[in-house]
Amino acid sequence: MSSLVEAAAPSLKISQRPAANSQPWQGYSLYFEILSRHSPLSITNRETLTELQQAPRRFKKGSVIKNHELNTKYVLAIQNGWACSCRVTEEGKRQIIDLYLPGDIVGLRDYHAGGRFDEVIMLTEGLVIPMHKSQLDLGMQKDHSLVNAVLATSMHQCNIMADRLNNLISHDATTRIAYFILELHARLNLARGEIQELTLPVSQQVIGDLLGMTNVHVCRCLSQLEFQGLLTRDKESRNIRILDYAALLTLAEFNTSYLYSCRVDNPRASRPLNPH
């Protein structure tokens, strides 16, 4: 993962970042928008989460936003941009283990970690909204519906990782890529399931690192899916358009309906992740 190491900028602590203009964020809670997708929350919960979240911070591509020394006392909600979590192997190489997309919360799986935290790096420029764990703990102590929402959201993230792992050990390379595209489509278009397009603002090497493939193999598999008439891609813009959604589902054996259930069951999830 040399490319990721080379791209990584100096670590940025929350306390060292200048606050973004908070005016547009008054009365809006990204945390409410995310958590309420997975468990019912009240207007009071929204007011609580609005008070607890801090001003958004802008991070550059390559910035380390969390590791075992950095921002361990915070969870970080991603308003826009992509990030990845990594672990360092015994040989000193970084291995990508997960992706964080807009609408994800960083730090839930290691919420009570005993000093062991994955390193999280921005793959693109992004806007991140911090919340101090101690403040969230107080909120959960006062209202158990917040506990249910945080737990449901954490389990949702774990389910995504477990299904991706099952995909990796059960399928060939082309099917892995097909599954990965459908996973991203589901996660990015929760409120717009009819849209058959997505943009991958990351390199094929990043995708390969996540799926246990070389970047050359990723390219070949995408070409194979194009040859089969399942999708088209614009290499310059990195846009992918799904041409035969049903056939892609069949190929990938993609049936993780829980990825869409929050959109179907919760009308609040149809709101865009944008305070304006």
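It should be emphasised that the depicted structure is a prediction, and the values quoted were computed from it without experimental measurement.

How would you explain the overall build of the chain if you had to name every residue and give the values?
A count of helices and strands for the chain gives 10 helices and 11 strands. When each of the 276 residues of the chain is scored for burial, the buried share is 50%. Put simply, 73% of the contacts in the chain that link residues at least 6 apart link residues at least 24 apart. Accessible surface, the chain as shown: approximately 13,300 Å² in total, 50% of it carbon and sulfur.

Before we move on, can you summarise the pairing of strand S7 (residues 119–122) with the specific residues and values?
In S7, alternate side chains face the same way, and those of Glu119 and Ile121 on one face and Val120 and Met122 on the other are all buried. Inspection of the sheet shows strand S2 (residues 64–66) paired to S7 by two bridges, in the antiparallel sense. Among the inter-strand pairings, lysine 66 is bridged to a residue of S7, identified as valine 120. Across four bridges, strand S4 (residues 83–88) lies against S7 in antiparallel orientation. Looking across to S7, one finds that alanine 83 is bridged to methionine 122.

Give me the nonpolar core: which residues, what numbers.
Counting 38 residues, the largest nonpolar core has Leu99, Ile177 and Ile181 as the members making the most contacts within it. Top element by residues in this core is helix H6 (residues 173–188). It accounts for nine residues.

So what about the sheet that holds strand S8 (residues 126–132)? Which residues, and what values?
Two orientations exist for strands paired in a sheet by backbone hydrogen bonds: parallel and antiparallel. Pairing is antiparallel across the open sheet formed by four strands, whose spatial order is S1-S8-S3-S6. Edge strands, defined here as strands with exactly one partner in the open sheet, are strand S1 (57–59) and strand S6 (105–106). By the bridge criterion, three bridges tie S1 to S8 in an arrangement that is antiparallel. Each bridged residue has a counterpart across the sheet, and for phenylalanine 59 the counterpart in S8 is glycine 126. Packed onto the sheet, helix H4 (residues 133–142) meets strand S3 (74–80) and S8 and runs at close to 60° relative to S8.

Break down the sheet that holds strand S11 (residues 239–242) for me, with residues and values.
Spatial strand order, S9-S11-S10: three strands in an open sheet with antiparallel pairing. The strands lining the two open edges of the sheet, one partner per strand, are strand S9 (197–199) and strand S10 (231–234). On average, each strand axis in the sheet is tilted by 20° relative to the strand beside it, whichever way the strands run. Relative to S11, S9 runs antiparallel, the two sharing three bridges. By the bridge assignment, leucine 198 is partnered in S11 with isoleucine 240.

Any details on the packing of aromatic side chains? Residues and values, ideally.
The final tally for this structure, using the stated rule, is one aromatic pair. For the cation-ring pair, arginine 46 lies above phenylalanine 32, with the distance from its terminal atom to the ring centre recorded as 5.7 Å. When the ring centre of tyrosine 111 is taken as origin, the NZ or CZ atom of lysine 133, which lies over that ring, is 5.2 Å away.

If you had to explain the environment of serine 63 to someone new, which residues and values would you point to?
Mapped onto the elements of the fold, serine 63 is located in the loop between S1 and S2. Put simply, serine 63 and valine 120 are 57 residues apart on the chain and 8.5 Å apart in space, counted from C-alpha to C-alpha. A polar contact of 2.9 Å, which involves the side chain of serine 63, links it to the backbone oxygen of lysine 60.

Quick rundown of the pairing of S10? Include the residues and the values.
Taking every second residue as pointing to the same face, the buried face of S10 carries Leu231 and Arg233, while none of Thr232 and Asp234 on the other face is buried. As paired strands, S10 and S11 are joined by four bridges and run antiparallel to one another. The residue of S11 that forms the bridge with threonine 232 is arginine 241. Where S10 folds back on S11, the antiparallel hairpin that results is connected by four residues, among which arginine 238 adopts a positive phi of roughly 65°.

How each quantity is defined
- Throughout, residues of each chain are indexed from 1 in the direction in which the sequence is written.
- The predicted origin of the model limits local features to residues at a pLDDT of at least 70 and limits the giving and counting of side-chain atom pairs to 80 or more, whereas totals for whole chains, interfaces and linings rest on all residues.
- Water and hydrogen atoms were dropped before computing side-chain values, which therefore reflect all heavy atoms in the structure.
- Note on conventions: DSSP H or I runs of at least 4 residues are helices, E runs of at least 2 residues are strands, and numbering of each starts at the N terminus.
- Burial classes: relative accessible area under 20% of the type maximum marks a residue as buried, over 50% as exposed, and values in between as partly exposed (1.4 Å probe, protein chains only).
- For this analysis, residues touch if any pair of their heavy atoms sits within 4.5 Å.
- Accessible surface is estimated by sampling points in the Shrake-Rupley manner with a 1.4 Å probe; for residues, cover comes only from the protein chains shown.
- Pairing between strands is defined by DSSP: at least two bridges between the two strands are required.
- The definition of a nonpolar core used throughout is a set of buried Ala, Val, Leu, Ile, Met, Phe, Trp, Tyr and Cys residues joined through side-chain atoms within 4.5 Å.
- Comment: axis = line fitted to C-alpha atoms, over the contacting stretch for helices; angle = value between 0 and 180 degrees taken between N-to-C directions.
- When two rings of Phe, Tyr or Trp (its six-membered ring) have centres within 6.5 Å they constitute a pair, described as stacked for plane angles under 30 degrees, edge-to-face for angles over 60, and tilted for the intermediate range.
- By definition, being over a ring means that NZ of Lys or CZ of Arg is both within 6 Å of the ring centre and within 35 degrees of the ring normal.
- Here a polar contact is recorded for every N or O atom pair within 3.5 Å, except that within protein the pair must consist of a potential hydrogen donor and a potential acceptor, and residues adjacent in sequence are included only if both atoms are side-chain atoms.

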